[in-house]
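# Report on the structure
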Amino acid sequence: MGKVVLVTGVARQLSGRFVRRVQREPEVDRVVAVDVVPPDHDLGDAEFVRADIRQPVIGKVLARHAVDTVVHLDVSGTPLGAGGRTQAKETNVIGTMQLLGACQKAPTVRRLVVKSTTSVYGSAPRDPAVFTETTPVKSLPSGGFAKDAVEVEGFVRGFARRRPDVAVAVLRFANILGPRADTPLAEFFDLPVLPTVFGYDPRLQFVHEDDVDEVLVVAATEPRRGTLNSGTFNIAGDGVLLLSQTARRLGRPTVPVLLPAVTWVGRMLRTAGVTDFSAEQIRLLTHGRVVDTRQMRETLGFHPVHTTAETFHDFARSRAGGLLPPARLAAAVDGMAARVRRAAAAGPGTKRGPERQEERQS
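Residues numbered from 1 in each chain as written. Predicted model: local features only at pLDDT ≥ 70, side-chain atom pairs only at ≥ 80, totals over all residues. Heavy atoms only, no water.

Once their charged atoms are close, side chains differing in charge can pair, the charge on each being opposite to the other. By the definition in use, this model includes 22 salt bridges. The partner of D29 in a salt bridge is R30, with the nearest N and O atoms 3.9 Å apart. Overall, D29 belongs to the partly exposed group, its relative accessible area being 43%. On the basis of relative accessible area, R30 is assigned to the partly exposed category, the value being 30%. We note a salt bridge from D52 to R54, for which the minimum N-O separation is 2.9 Å. Each of the salt bridges in this network shares a partner with another, and the network as a whole consists of R17, R180, E209, D210 and D213. (Salt bridge = Lys/Arg side-chain N within 4 Å of Asp/Glu carboxyl O. Buried < 20%, exposed > 50% of the residue type's maximum accessible area, 1.4 Å probe, protein only.)

It is worth spelling out helix α2 (residues 57-65) at this point. Of all the positions in α2, only I58, V61, L62 and H65 are classed as buried. With its buried residues spanning 95 degrees around the axis, α2 presents them on a single face. Residues of α2 that are exposed and point more than 90 degrees away from the buried face comprise K60, A63 and R64. Positioned one or two residues after α2, A66 has a phi angle of 50 degrees, which is positive. (Helix = DSSP H or I, 4+ residues; strand = E, 2+ residues; numbered from the N terminus. Arc of directions from axis to C-beta.)

In this fold, F198 is placed in the loop between β8 (194-197) and β9 (203-204). The exposed category is assigned to F198, whose relative accessible area is 52%. Along the primary structure F198 and L259 are separated by 61 residues, whereas in three dimensions their C-alpha atoms are 6.6 Å apart. Setting aside anything within four residues of it in sequence, one finds F198 in contact with P256, V257 and L258. (Contact = heavy atoms within 4.5 Å.)

A separate point is the pairing of strand β4 (residues 69-72). Covered by surrounding structure in β4 are T69 and V71 together with V70 and H72, the residues of both alternating faces. Note: strand β1 (residues 3-8) against β4, three bridges, orientation parallel. Each residue of the ladder has a partner; that of V5, found in β4, is T69. Here four bridges tie β4 to strand β5 (residues 111-117), and the two strands are oriented parallel to one another. Pairing of V71 across the sheet is with V113, part of β5. (Pairing = 2+ DSSP bridges.)

This part covers the sheet that holds β1. As summarised here, the arrangement of the seven strands in space is β3-β2-β1-β4-β5-β6-β11, forming an open sheet in which the pairing is parallel. On the outer flanks of this sheet lie β3 (47-50) and β11 (231-235), each paired with one strand and no other. Looking at each pair of strands side by side, their axes are set apart by 20 degrees on average, direction ignored. Of the pairings in the sheet, the one linking β5 to strand β6 (residues 167-173) comprises seven bridges and is parallel in character. Each bridged residue has a counterpart across the sheet, and for R111 the counterpart in β6 is A167. (Axes fitted to C-alpha atoms, helices over the stretch in contact; angles between N-to-C directions.)

Its identity as a non-glycine residue notwithstanding, A66 has a phi of 50 degrees, on the positive side. Looking at where A66 falls in the secondary structure, it is placed in the loop between α2 and β4.

Attention now goes to the packing of helix α7 (residues 243-250) against helix α11 (residues 308-317). In contact at an axis separation of 10 Å, α7 and α11 are set at 35 degrees when each is read in the N-to-C sense. Between α7 and α11 the crossing geometry is right-handed. Between α7 and α11, the contacting residues are T246, R249 and L250 on the first element and A309, F312, F315 and A316 on the second. For the contact of α7 with α11, the class distribution of residues is five nonpolar, one polar and one charged. (Left-handed = near helix turned anticlockwise from the far one by under 90°. Nonpolar A, V, L, I, M, F, W, Y, C, P; charged D, E, K, R; others polar.)

So, about the side chain of E25. Take E25: it is sitting in the loop between α1 (13-22) and β2 (28-35). A polar contact of 2.9 Å, which involves the side chain of E25, links it to the side chain of R21. When residues no more than four places from it in sequence are discounted, the contact partners of E25 are V217 and T221. (Polar contact = N/O pair within 3.5 Å; in protein donor to acceptor, adjacent residues only side chain to side chain.)

Once that is clear, we can look at the packing of α1 against helix α6 (residues 209-220). Viewed as axis vectors pointing N to C, α1 and α6 meet at an angle of 55 degrees, and their least axial separation amounts to 10 Å. Our classification of the angle between α1 and α6 gives oblique. Pair α1 / α6 crosses with right-handed handedness. Mapping the contact onto sequence places L14, R17, F18, R21 and V22 in α1 and E209, V212, D213, E214, L216, V217 and A220 in α6. Among the residues forming the contact of α1 with α6, the class breakdown is seven nonpolar, no polar and five charged. (Parallel < 35°, antiparallel > 145°, perpendicular 65-115°, else oblique.)

Next up on the list: the nonpolar core. One finds V7, F18, V71, L171, F173, L216 and I235 to be the most contacted residues of the largest nonpolar core, which totals 32 residues. Of all the secondary-structure elements, those providing two or more residues to this core are β1, α1, β2, β6, α6 and β11. Per element, the largest residue contribution to this core is seven residues, and it comes from α6. Residue contacts for V7: discarding those within four places in its chain leaves F18, V19, V31, V32, A33, V34, V71 and L73. V70, V75, A106 and F159 belong to the second largest nonpolar core, which has 28 residues in total. (Core = buried A, V, L, I, M, F, W, Y, C linked by side-chain atoms within 4.5 Å.)

Geometry only, nothing functional implied.
Written out as structure tokens, the structure is:
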């Protein structure tokens, strides 16, 4: 019999896509899909089990199906339904504790894959230019999904010490985008006008939702020759984009807001139900974040198909056009930048044509 893979959080689109994708692997015999609510999307031949990972019943599910691989994707910044932030935190933190406790007692479990986020590094003005998996964090997240992810990773490290026989992979994803993305950052980019922090143009990284499915398969199955899929890995597409570049590619005008007023704007958008403009997201859109992905390539052996720019392009194509034509907006901005560069190259003491002509005549 092949592997029996249990996947949590399957009511979400991302998890549902992975469930359908992993069933195509020849070494996978069965997939058990778990969530507290039935999914609206197709799960293929997977067996859906309605269970709450915050309850001890998850241990019975592991034992009943003799699960050997657990892929924990029910770690998210947005709750399903009307539970709000409290429900999301309970599922992230309490649910992970209960699941890991059940895995610890399940002798059949041999592999654990946990979805995390690069948000665990935080976003601060004195951060390094690029984070590696071992970079000491100067400013730990103080709340929200990022803090949940920090706690989840702490629980996973404890589990790995107690069950050294289990191969554990923690995947820290950059911002996930694509045509079907439903993340808070995707909601931000859907705004007709993008509020930005005055004086800041942060660097951003993205990972395509299709690449997310593929790297999860790599982490959940037997490692290929010369690779190791146990450990902690940053997952992101090549390259970076500035926030101003993303706005131009979407054709969205930006409204720079002074930093002290950004929190008020975010609260107003959140209250109106437009987008979850959290403090964590405000810091990202102020200072940005870039991670190193060498371990992803050299150790895990995964090479994303899409770069950061290609990921955003695919996302932008799936969205309605902005208020400004992207091509015309980009041309105007590039033209202005070229004039600024020419003026800077000329130097402050350089005189204009008519003035130079008068000097020559005199």
